[in-house]
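Okay, here's what each chain looks like letter by letter:
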Amino acid sequence: MSYLAGLEKRISRMDNTPLDQARQALLAAQRILVTSHIRPDGDAIGSLLGLGLSLKEAGKQVQMILSDGVPAAFRFLEGSQQIRKKPEGDFDLSVVLDCSDFERSGSALNGHPTPDLNIDHHPTNLSFARINLIEVEAVATAEMLARYLPLFGLPLSKPSADALLFGLITDTLGFRTYNMTPRALRVAADLIEAGGDLPSLYFAGLLRRSFEAARFWGAGLSVLQKDGRLAWTTLSMTDRRNAGYLGRDDADLINVLTTVEDIDLIVIFVEQPNGHVKVSWRSKPGLDVSQLAVQFGGGGHAAAAGAEVAGGLQEVQEQVLSATRQLFSENIYNFEGIKQG
């Protein structure tokens, strides 16, 4: 059954729920600010554009704000040139997308400590807004928005469909993460029917890499280490400069390393220019790394989580690897595979 069908019946069932409150808030507001998290990924960008462009098409005045701006790899998406780093003027409604912790929205909402609406799918979400529409069973925030735009009475044009499909593709690594559902695939089909260009978006989101990103990968691969079924690597500021890579992330190296045979847990450490280290965890099913991320001030999913930790690269690496070993050796993981029974 298409998720664009039977809208009146579904609307009648959501009175006074967070979904209904979100719908009423979006429809009542005229000047809307929409933002997402720092170091935006494909789901953040796709969700922001998907909702923002749809609201604009509905006649709303919309500011799409990302405190870190739009990464070069995502600027091919229609409407991305409309995204700004700072808001201007007043707005009736503030919406934070794909963000589990308000601090991760950066400076986009400075002076507005409580956002009006938070739409997200992360299980570590802190419900920091006045209205919190959280669905941890959704594979991406873009999936949620694709299902709910029609319920909100908002249009789903080709630019919005492209953006949401891009978010869905990238957050599921091309529909291959362990939390994939039949519903998410049906949503993808609906987005393709609405004009989403699956082949082009898949290539741009998952396969295309800059020369500088490939050189950056080389630095991380050259120092890759393992301990049983745990593997980790580091990317320093020097590595970034030598590669000519301009981003502050790992250039998606973490998802390349998840394909390494006989490894159940990957950790990557990326030195930041502000005296912090970005830490990312990826695990096989049965290993909940989100609790590790929370321990270090971050969050995420059971199989994919991250945090930004104050300190030097070596210091943070030692702290994080110690906590990682302790947690899984005592509770879940023995570095020879998932414990049985």
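Residues numbered from 1 in each chain as written. Predicted model: local features only at pLDDT ≥ 70, side-chain atom pairs only at ≥ 80, totals over all residues. Heavy atoms only, no water.

A. How the structure looks around the sheet that holds strand 7 (residues 230-235). Strand order in the open sheet made by the six strands is 6-7-8-9-11-10, with mixed pairing throughout. Here the strands that pair on one side only, and so sit at the sheet edges, are strand 6 (225-227) and strand 10 (299-300). (Pairing = 2+ DSSP bridges. Helix = DSSP H or I, 4+ residues; strand = E, 2+ residues; numbered from the N terminus.)

B. Looking closely at the pairing of strand 4 (residues 117-120). Residues of strand 4 alternate between two faces, with Leu-117 and Ile-119 on one and Asn-118 and Asp-120 on the opposite face, all of them buried. When strand 4 meets strand 5 (residues 131-134), the two strands line up parallel, connected through four bridges. By the bridge assignment, Asn-118 is partnered in strand 5 with Asn-132. (Buried < 20%, exposed > 50% of the residue type's maximum accessible area, 1.4 Å probe, protein only.)

C. Focus on the sheet that holds strand 1 (residues 31-35). In space, the five strands of this open sheet follow the order 2-1-3-4-5, with parallel pairing throughout. Strands at the two margins of the open sheet, each flanked by one partner only, are strand 2 (61-65) and strand 5. Taking each pair of neighbouring strands and ignoring which way they run, the sheet shows an average axis angle of 15°. Note that strand 1 and strand 2 share five bridges and pair parallel. Each residue of the ladder has a partner; that of Leu-33, found in strand 2, is Gln-63. Packing of helix 3 (residues 42-57) onto the sheet brings it into contact with strand 1, strand 2 and strand 3 (93-97), and relative to strand 2 it is tilted by some 165°. Strands strand 3, strand 4 and strand 5 of the sheet are contacted by helix 4 (residues 141-148), whose axis makes an angle of about 110° with strand 4. (Axes fitted to C-alpha atoms, helices over the stretch in contact; angles between N-to-C directions. Contact = heavy atoms within 4.5 Å.)

D. Representation of the nonpolar core. In terms of nonpolar packing, the biggest core is built from 53 residues, with Val-34, Leu-51 and Val-95 touching the most fellow members. Take this core: its biggest share by element is seven residues, from helix 5 (residues 158-171). The residues contacting Val-34, other than those within four sequence positions of it, are Leu-48, Leu-51, Leu-55, Val-62, Gln-63, Met-64, Ile-65, Val-95 and Leu-97. (Core = buried A, V, L, I, M, F, W, Y, C linked by side-chain atoms within 4.5 Å.)

E. Geometry of the pattern of salt bridges. Scanning all chains against the criterion turns up 13 salt bridges. Two residues, Asp-20 and Arg-23, come together in a salt bridge whose shortest N-O distance is 2.9 Å. In this pair, Asp-20 and Arg-23 both sit in helix 2 (residues 18-28), three residues apart, roughly one turn of the helix. Put simply, Lys-158 and Asp-162 hold a salt bridge, and the shortest N to O gap is 3.0 Å. Within this pair, Lys-158 and its partner Asp-162 are both found in helix 5, separated by four residues, close to a single helical turn. Connected via shared salt-bridge partners are Glu-135, Glu-143, Arg-147 and Arg-183. (Salt bridge = Lys/Arg side-chain N within 4 Å of Asp/Glu carboxyl O.)

F. Structural detail: the side chain of Thr-141. Looking at the secondary structure, you find Thr-141 in helix 4. Exposure remark for Thr-141: the relative accessible area of 0% places this residue in the buried category. With residues near it in sequence (within four places) discarded, Thr-141 still touches Asp-43, Ser-47, Asp-98, Ile-119, Asp-120 and His-121.

G. Representation of the environment of Glu-78. When you line up the elements, Glu-78 lands in the loop between strand 2 and strand 3. With 82 residues separating them in the primary sequence, Glu-78 and Ser-160 have C-alpha atoms 8.6 Å apart. The residues touching Glu-78, leaving out its near neighbours within four places in the chain, are Leu-49, Leu-53 and Pro-159.

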